[in-house]
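Reading the structure
One letter stands for each residue in the lines below.
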Amino acid sequence: MAIRTGSRPGPWKRGLVLAALALLLGLFMLLHAQIPNRIWNLGSLAETFLPWFGLFIPVLLAGALWRRSASAVAALLLPVMVWLNLFGGLLSDKSDPGGDLTVAGHNVGADNPDPAGTARELAASGADVLALEELTQQARGTYEKELAKAYPHHTVQGTVGLWSRLPLSDTRPVDIQQDVGPLGDTKPADVKMAYNRALRTTVATDQGPLAVYVAHLGSVRVNPRAGFWTDSRDRGAQALGKAIAAEQNERVVLLGDLNGTMDDRAFAGITAQLRSVQDAAGDGFGFSWPARFPVARIDQILVRGLEPTSSWVLPATGSDHLPVAAGISW
């Protein structure tokens, strides 16, 4: 018995593999920006689901306790501190009551089986300004009819639209480079307009003009050959960032399905100019997709020259996205 006891490794020598895994997890989250995108866009893929890597912490902790490994428990301090530094601020409720203006955005879904019901639910949200993406020609009339009473002003530019209780002016489509190359150059403007995915307009408020952008960036795909394919989305993000940089109005709101989280480096050109209302005044992560089991916030509201007061996710509609809303003040 004495020999067995003496040969048993101490708590600092047990669980060295678990300790190494804990350190690797911490370094992975800490240095996520250094993960290259050259191979299958792995950096952007990791950043898209970065908060979820925190789930490995309790798993490793359980293993460390089972092994009674002091080294593994100590090593876990690194990923815990890194995760809290990245996302700890989202665990508290930073919202304040009130706000001068309520804005909301929703990818209503091209396959939405109940556009009329979706429109009524959105109108009941109380939003002063409502942005919709993925509008189809078949459903457009339904949304216009159902939202007309609550929103006397609206514009639709291709597949995106904005409904407002306040007057709109200076409305125009925004080119987010959906069509590039010789084939795209040959398409006439009216053909491109049919599937335009971004707009810019001015909302007349009591505090002065407010520039509002609505955008639906290109989809992303995960497949064995291309990995995390984001070419269309990244091209659109760059074009949208340039459009916002050229915006003369100091007060700007961007609403839309950006098909990515704000941790993704692809949005650096946008996040350098605008801040996320969810980060500034939300409660939790505000995941919006997929509606049945949300794992990421890809539906965004970002602002410049305004103060976010609250941010929340609205109840599910017939879409595969959840609507998002925010209160803003001057």
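See the structure above.
To keep things clear, this report deals only with the structure shown in the data block. Quick caveat, the model's predicted, so the values are computed rather than measured.

1. What to know about the pairing of strand 4 (residues 160–164)
Most of strand 4 is tucked away: five of the five residues are buried. Sheet topology note: the strand 2 (residues 129–133)/strand 4 ladder contains five bridges and is antiparallel. Looking at the pairing, Ala131 lines up with Leu162 of strand 4. The turn joining strand 3 (residues 153–157) and strand 4, which pair antiparallel and follow one another in sequence, is formed by two residues; a positive phi near 75° is taken by Gly158.

2. Here's the deal with the sheet that holds strand 2
The strand order 3-4-2-1-14-13 describes an open sheet built from six strands, whose pairing is mixed. The outermost strands of the open sheet, each flanked by one partner alone, are strand 3 and strand 13 (307–313). Adjacent strand axes in the sheet meet at a mean angle of 15° when their direction is disregarded.

3. Looking at unusual backbone geometry
Trp289 connects to Pro290 through a cis peptide bond whose omega is -10°. Mapped onto the secondary structure, Pro290 falls in the loop between helix 13 (277–281) and strand 12 (299–304). In this model, Asn259 sits at a positive phi of 55°, which is unusual for a non-glycine residue. Mapped onto the elements of the fold, Asn259 is located in the loop between strand 10 (252–257) and helix 12 (268–271). Accessibility expressed as a relative area gives 13% for Asn259, which makes it buried.

Criteria and cut-off values
Chains are numbered independently. Their residues run from 1 in the order of the written sequence. Residue-level local features of this predicted model are given only where pLDDT is at least 70; pairs of side-chain atoms are given and counted only at 80 or more, and the full residue set underlies all totals for whole chains, interfaces and linings. Side-chain numbers here rest on the full set of heavy atoms in the structure, without hydrogens or water. Note on exposure labels: buried denotes an accessible area under 20% of the residue type's maximum, exposed denotes more than 50%, and partly exposed covers the range between, all computed with a 1.4 Å probe on protein chains only. In DSSP terms, a helix is any run of H or I states spanning at least four residues, a strand is any run of E spanning at least two, and both are numbered starting from the N terminus. We treat two strands as partners when DSSP finds at least two bridges between them. Helix axes are fitted to C-alpha atoms over the stretch in contact, other axes to C-alpha atoms as well, and angles between N-to-C directions run from 0 to 180 degrees.

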